[in-house]
Amino acid sequence: MNLPAPSTQEDIAPILDVLTFGEREVEGRLVDASNLALLGRLTLGDISTQVIYKPIEGERPLWDFPSGTLAQREAAAFVLSAVGGWNLVPPTVLREGPLGRGSVQLWVDTSEEGTQSLVDVVALSDLEPGWLPVFEAQLTDGTAVVVAHADRPELAATAVFDVVINNADRKGSHLVLDGSGSLWGFDHGVSCHEEPKLRTVLWGWAGEPLPESELTRLDGLAGWLASPSSPVSQTIEGLLSPAEIEALARRVSGLLRTARFPAPSGRHPAVPWPPL
């Protein structure tokens, strides 16, 4: 039986114990992943749960990200998600595994509703109220379609989080709902770069004011990052470079200064491909 995804901050600590100290067993491979991703199981005492293990040795080299750093970025995304109160990224740690050091993330059982209730491609004429268009396209048969996402508060919070971590690959398939309806996001290995690289399908709020709840989160995170001796700063220092940490702090302060969702800059692709 898998551990349930945490619903409160208090639920995270025991899960991190299992992820950090549990005995490891590899059960299979996720063949659709662009980098080596293994389905495994960790057991600590009478607790056993499935996890995703991404060894650094299995990372495919990228031209624009330093080699061997994707696992650290996965762990950094979890830290920022938890400390900032977004609670979007499942508990993730760096640890040794059968194929060497890598990220280990709690497996989340998803609902049958899938991602289509969050992000979808629909005919332009079928775009329903409560959905925000991102961009229009045309199918091979000439049908006009639109990539759109739901206008949901937790998705808006995800859009803010993606700006904070400079997420270069927010596809619709990286967002899921668990059995209780909570939103979770995956695959944050290409994030936290010092250069602007935001690519996301969640542009529906571009230019809109940030909710007060997001400003509160950002203000709290800014305070942690401003103190080099804070637990957050010291943890992040072990995962990201000094330049990346400085850029992270600038993104947070920039959001607080404008108090608005950013719009695409036009200087680089704004949407990942494929978007779903």
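Keep in mind it's a predicted model, so treat the numbers as computed, not measured.

## Here we look at the overall build of the protein
Link 1 in the chain: Secondary structure assignment for the protein yields six helices and 10 strands.
Link 2 in the chain: Against the globule reference of 19 Å for 276 residues, the protein gives a C-alpha radius of gyration of 19 Å, in line with a compact fold.
Link 3 in the chain: Taking the principal axes of the C-alpha coordinates as reference, the protein spans close to 55 × 45 × 35 Å.
Link 4 in the chain: By residue count, 47% of the 276 residues in the protein fall in the buried class.

## Side note on unusual backbone geometry
Link 1 in the chain: Look at the link from Trp273 to Pro274: it is a cis peptide, with omega at -5 degrees.
Link 2 in the chain: You will see that Cys192, though not glycine, has its phi angle at about 65 degrees, which is positive.
Link 3 in the chain: Mapped onto the elements of the fold, Cys192 is located in the loop between β10 (183-185) and α4 (212-226).
Link 4 in the chain: By relative accessible area, Cys192 is classed as buried at 1%.
Link 5 in the chain: Of note in the backbone geometry, Ala259 takes a positive phi value of approximately 55 degrees without being a glycine.
Link 6 in the chain: In this fold, Ala259 is placed in the segment after α6 (242-258).
Link 7 in the chain: The exposure class assigned to Ala259 is partly exposed, which follows from its relative accessible area of 24%.

## Examining the pattern of salt bridges
Link 1 in the chain: Going through the model one piece at a time under the given rule, you end up with nine salt bridges.
Link 2 in the chain: Notably, a salt bridge pairs Glu74 with Lys54, separated by 2.9 Å at the nearest N-O pair. Here Lys54 lies in strand β3 (residues 47-55) and Glu74 lies in helix α2 (residues 70-84), a separation of 20 residues in the sequence.
Link 3 in the chain: For Glu74, a relative accessible area of 5% puts it in the buried group.
Link 4 in the chain: A single salt-bridge network, built from bridges that share partners, covers Lys54, Glu74 and Asp187.

## Overview of the sheet that holds β3
Link 1 in the chain: The strand order across the open sheet built from five strands is β1-β2-β3-β5-β4, with neighbouring strands paired in antiparallel fashion. The sheet is open, and its two edges are formed by β1 (23-29) and β4 (92-95), each paired on a single side. Neighbour-to-neighbour, the strand axes of the sheet open up by a mean angle of 35 degrees, direction not taken into account.
Link 2 in the chain: Both β3 and strand β5 (residues 102-106) contribute to a ladder of five bridges, which runs antiparallel. The residue of β5 that forms the bridge with Tyr53 is Val104.
Link 3 in the chain: This element, α2, spans β3, β4 and β5 of the sheet and lies at about 145 degrees to β4.

## What about the environment of Arg60?
Link 1 in the chain: Its location among the elements puts Arg60 in the loop between β3 and α2.
Link 2 in the chain: Separated by 209 residues in sequence, Arg60 and Pro269 place their C-alpha atoms 21 Å apart.
Link 3 in the chain: Not counting residues within four places of it along the chain, the set of residues in contact with Arg60 comprises Ser34 and Asn35.

## Points about α2
Link 1 in the chain: Spanning 15 residues, α2 covers 21 Å between terminal C-alpha atoms, matching the ideal 21 Å at 1.5 Å per step.
Link 2 in the chain: In the segment just after α2, Gly85 is the residue with positive phi, at about 85 degrees.

## Observations regarding the sheet that holds strand β8 (residues 144-150)
Link 1 in the chain: The three strands lie next to each other as β6-β8-β7, forming an open sheet whose pairing is antiparallel. The outermost strands of the open sheet, each flanked by one partner alone, are β6 (119-123) and β7 (131-138). Each strand axis lies, on average, 30 degrees off the axis of its neighbour in the sheet, ignoring direction.
Link 2 in the chain: Note that β7 and β8 share seven bridges and pair antiparallel.

## Overview of the side chain of Asn35
Link 1 in the chain: On the secondary structure map, Asn35 appears in the loop between β1 and β2 (38-44).
Link 2 in the chain: Separated by 2.4 Å, the side chain of Asn35 and the backbone nitrogen of Arg60 make a polar contact.
Link 3 in the chain: Residue contacts for Asn35: discarding those within four places in its chain leaves Gly58, Glu59, Arg60 and Leu70.

Conventions we followed
Residues numbered from 1 in each chain as written. Predicted model: local features only at pLDDT ≥ 70, side-chain atom pairs only at ≥ 80, totals over all residues. Heavy atoms only, no water. Helix = DSSP H or I, 4+ residues; strand = E, 2+ residues; numbered from the N terminus. Rg over C-alpha atoms; globule rule 2.2 N^0.38 Å. Buried < 20%, exposed > 50% of the residue type's maximum accessible area, 1.4 Å probe, protein only. Salt bridge = Lys/Arg side-chain N within 4 Å of Asp/Glu carboxyl O. Pairing = 2+ DSSP bridges. Axes fitted to C-alpha atoms, helices over the stretch in contact; angles between N-to-C directions. Contact = heavy atoms within 4.5 Å. Expected span 1.5 Å × (residues − 1). Polar contact = N/O pair within 3.5 Å; in protein donor to acceptor, adjacent residues only side chain to side chain.

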